[in-house]
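Results of the structural survey
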Amino acid sequence: AKLFTGKALSFDGTGDYVDCGDVGANKTLAFWFNPTTDITSSTPYQRLFGFNTTYHGITLGAATGSLEGETLTVLPDATGGSRTATTMDFDAGVWYRVVVVWNATSSYYDIYVNGDLKTDLVTGTANETNWDSFFIGKDNNPSQTKFNGYMSDVQIYSVALSEPDITFDYNNPNHLAIDNPATS
């Protein structure tokens, strides 16, 4: 798939971020991102998104020390032990479509990258929560490392997208996932 809009936000890793405020109870977060450095399990972490309280959000690199090999981690809420991660490496200069979806059956978030399920590591369970204090490019702890790269087409859905919707979204970047005629 190709990035549809051709426009992106640029984050410098030090002071750039977007404060979205309280975005409410949501079940899916989708976005394109392009890191400026390779992201592996040994890369110092960078915060892609922050929500709720300090340290909760979506992180690139070695984020928690409690999962082996993590490269993109969802730290969803204040329960303290829940984490979902992928071990997929991300190359600098390449655009990736990531979709993070609440899995009510298993009580954690699934991670899709470029239309494929990539949830490799799960520890604990999470509670579904509101995403208040929602930030793009950082979390709400000023001392945390911010994202260094590009991000585009951030979408927040109040429903959990299905796997066919996520595949449709990746293969049809000029349409929203909710436009999928097979599931709409």
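See the structure shown above.
These numbers were taken from a predicted model, which means no experiment stands behind them.

The rules we used
- Residues numbered from 1 in each chain as written.
- Predicted model: local features only at pLDDT ≥ 70, side-chain atom pairs only at ≥ 80, totals over all residues.
- Heavy atoms only, no water.
- Helix = DSSP H or I, 4+ residues; strand = E, 2+ residues; numbered from the N terminus.
- Buried < 20%, exposed > 50% of the residue type's maximum accessible area, 1.4 Å probe, protein only.
- Contact = heavy atoms within 4.5 Å.
- Areas by Shrake-Rupley, 256 points an atom, 1.4 Å probe, with all protein chains shown as cover.
- Polar contact = N/O pair within 3.5 Å; in protein donor to acceptor, adjacent residues only side chain to side chain.
- Pairing = 2+ DSSP bridges.
- Axes fitted to C-alpha atoms, helices over the stretch in contact; angles between N-to-C directions.

Comments concerning the overall build of the protein
A tally of helices and strands in the protein yields one helix and 13 strands. Along the protein, from the amino end to the carboxyl end, the secondary structure elements read β-β-β-β-β-β-β-β-β-β-β-β-β-α. Considering the protein as a whole, with its 184 residues, one finds that 46% of them fall into the buried category. Look at the contacts in the protein between residues 6 or more apart in sequence, and 65% of them connect residues 24 or more apart. Approximately 8000 Å² of the protein is accessible, and the part contributed by carbon and sulfur atoms is 48%.

What to know about the side chain of Arg 97
Of note, Arg 97 is situated in strand 8 (residues 96–103). Within the local environment of Arg 97, its side chain forms a polar contact with the backbone oxygen of Asp 153, the two atoms lying 3.2 Å apart. Among the polar contacts made by the side chain of Arg 97, one reaches the side chain of Gln 155 at a distance of 2.6 Å. In contact with Arg 97, not counting residues within four places along its chain, are Ala 30, Phe 31, Trp 32, Tyr 112, Val 113, Asn 114, Asp 153, Gln 155, Asp 169 and Tyr 170.

Here we look at the sheet that holds strand 7 (residues 83–86)
With antiparallel pairing, the seven strands of this open sheet are ordered in space as 2-12-4-5-6-7-11. The open sheet is flanked by strand 2 (18–21) and strand 11 (121–123), the only strands paired with a single partner. The sheet shows a mean angle of 20° between the axes of neighbouring strands, direction not considered. Alignment of strand 2 against strand 12 (residues 134–136), held across three bridges, turns out to be antiparallel. Following the sheet pairing, Gly 21 is matched in strand 12 by Phe 134.

Let's talk about the sheet that holds strand 13 (residues 148–157)
Reading across the sheet, the six strands line up as 1-13-3-8-9-10 and stay open at both edges, with antiparallel pairing between neighbours. Each end of this open sheet is capped by a strand with a single partner; those strands are strand 1 (9–12) and strand 10 (116–117). Of the strand pairs in this sheet, strand 3 (residues 28–35) and strand 13 are connected by seven bridges, and their pairing is antiparallel. Each residue of the ladder has a partner; that of Asn 34, found in strand 13, is Tyr 150. Running at roughly 165° to strand 8, helix 1 (residues 163–171) makes contact with strand 3, strand 8, strand 9 (108–113) and strand 13 of the sheet.

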